[in-house]
Amino acid sequence: MAVNPRVRGGLSRSSPRPGGGAVPRGVRLSPGHRSRLTSLAFVTPLLVYLAGFYVYPLYRNLDLSLRDYTVRSFVAGDAPFSGWANFRTVLDDPTFGPAMRHTMVFTLVSLAFQYVIGLALAVFFNRHFRLSTVLRALFLIPWLLPLIVSASTWSWMFNSESGVVNYLLRLLGVDPVGWLTSPDWALTSVIVANIWIGIPFNLVILYSGLQNIPGELYEAAALDGAGAWQRFRRITFPLLRPVSAITLLLGLVYTLKVFDLIWIMTKGGPGDASATLATWSYQLGFGTLLPRFGPGAAVGNILILIALVFGLLYVRVQRRREA
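How each quantity is defined
- Residues numbered from 1 in each chain as written.
- Predicted model: local features only at pLDDT ≥ 70, side-chain atom pairs only at ≥ 80, totals over all residues.
- Heavy atoms only, no water.
- Helix = DSSP H or I, 4+ residues; strand = E, 2+ residues; numbered from the N terminus.
- Rg over C-alpha atoms; globule rule 2.2 N^0.38 Å.
- Buried < 20%, exposed > 50% of the residue type's maximum accessible area, 1.4 Å probe, protein only.
- Contact = heavy atoms within 4.5 Å.
- Areas by Shrake-Rupley, 256 points an atom, 1.4 Å probe, with all protein chains shown as cover.
- pLDDT = per-residue confidence, 0-100.
- Salt bridge = Lys/Arg side-chain N within 4 Å of Asp/Glu carboxyl O.
- Phe/Tyr/Trp six-rings, centres within 6.5 Å; stacked < 30°, edge-to-face > 60°.
- Patch = residues over 30% accessible without salt bridge, like charges linked within 9 Å, V, L, I, M, F, W, Y side chains within 5 Å.

**Comments concerning the overall build of the protein**
For the protein, the helix and strand inventory stands at 15 helices and two strands. For 323 residues, the compact-globule formula gives about 20 Å, and the C-alpha radius of gyration of the protein, at 30 Å, lies well above that figure. Along the three orthogonal principal directions, the C-alpha set of the protein runs to about 120 × 75 × 35 Å. For the protein, buried positions account for 35% of its 323 residues. Contacts spanning at least 24 positions in sequence make up 63% of the contacts within the protein whose residues lie at least 6 apart. Accessible area of the protein: about 20400 Å², with a carbon and sulfur share of 67%.

Rendered as structure tokens:
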């Protein structure tokens, strides 16, 4: 009896199927499975990055705020669980009220001026006059400079003795002001510097939004006799609301956590005159010989919670508009 060469050795490479043909060895993936595996391969590095640089630090910060950490227990990793004690300590601290108030004033005033000035500049540059591209690039300089350079420059400008601001005041016959040393002016000084730094961001985002508004709407409005202010109020501002919302939200999240600018210029002083939640969190955790890691982390979590609340409000408003 002749032996089929395909089954030599007692095992066949394939097994018959009821309808004829053979099933090859191994598992063949369908195009759908292959596409999902390819997508997962591309997404995996991003998931690893998010887990390592976002999820884990947030978890560690929450863990710090729920335990009674000292320098020894921080190194040894055996800090006892204290629950909400660190949050109660922070809320009962007399610095919390001024720091929260300064944070709100610093954030809201900065956002208001950055948005208004950025919108005005965006509308101005949207006219596409000669040298508009060059001037627009020059306005990006505050955004491109390292923050330590900007903060140091403003510290020199606001210097009580040799600053250019007081020099100009003297020329006008006005008494010099202790911009960075007076409790009445320290917060104002850092707000002015932060406004200057944030204007280019608002200019870029809002200018991009203006480019998406059809020019035919302005032409039709002009034919109907609408003036410049009416065109802005009836066309530009309403159609720019989605871009304005995301601009303000991103600005809010960034401004809430501003630390280096204030620390370089005033270190939160004099006293607590310009202290915000961000600078206070740093002072608690790293600013003394006996760091208080738990309360410092609790203040950081409060900042995260504030930003999260505003983010959820933005998402809810957007969903209502889309519904």
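**Focus: the confidence of the model for the protein**
On average, residues of the protein score 86 in pLDDT, and 91% of them are at 70 or above. No element of the protein has a lower mean pLDDT than strand β2 (residues 22-23), at 46, and none a higher one than helix α4 (residues 96-125), at 95. Below a pLDDT of 50 lies the segment residues 5-23, which in the model reaches 15 contacts outside its immediate sequence neighbourhood of four places, other chains included.

**Considering unusual backbone geometry**
A cis amide bond links Gly269 with the next residue in sequence, Pro270, at an omega value of 0°. Summarising the element assignment, Pro270 is placed in the loop between α13 (260-265) and α14 (277-286). Non-glycine residue Lys267 carries a positive phi angle of around 55°. Under the relative-accessibility criterion, Lys267 is labelled partly exposed at 48%.

**Examining the pattern of salt bridges**
One pass over the structure, following the stated rule, counts three salt bridges. Where Arg67 meets Asp63, a salt bridge forms, and the shortest distance between an N and an O atom there is 2.8 Å. On the basis of relative accessibility, which here comes to 12%, the residue Asp63 falls in the buried class.

**Observations concerning the packing of aromatic side chains**
Each aromatic ring pair is summarised here by two numbers: the centre-to-centre distance and the angle between the ring planes. Counted by the stated rule, this structure contains 19 aromatic pairs. Summarising the aromatic geometry, the rings of Trp143 and Phe201 are spaced 5.8 Å apart at their centres and angled 70° between planes, so their arrangement reads as edge-to-face. Here the residue Trp143 occupies a position in helix α6 (residues 141-144), and Phe201 occupies one in helix α9 (residues 186-211), the gap between them amounting to 58 residues. For Phe201, a relative accessible area of 18% translates into the label buried. Ring centres of Trp154 and Trp196 lie 5.8 Å apart, and the angle between their planes is 70°; on these two criteria the pair is classed as edge-to-face.

**Digging into a nonpolar patch on the surface**
A cluster of nonpolar residues, Leu131, Val134, Leu135, Leu138, Phe139, Ile141, Leu145, Ile148, Val149, Trp196 and Ile264, forms a patch on the protein surface that exposes about 900 Å² of accessible area. Among the secondary structure elements, those contributing two or more residues to the nonpolar patch are α5 (132-138) and α7 (147-157). Positionally, Leu138 belongs in helix α5. In this structure Leu138 comes out as partly exposed when scored by relative accessible area, which is 47%.

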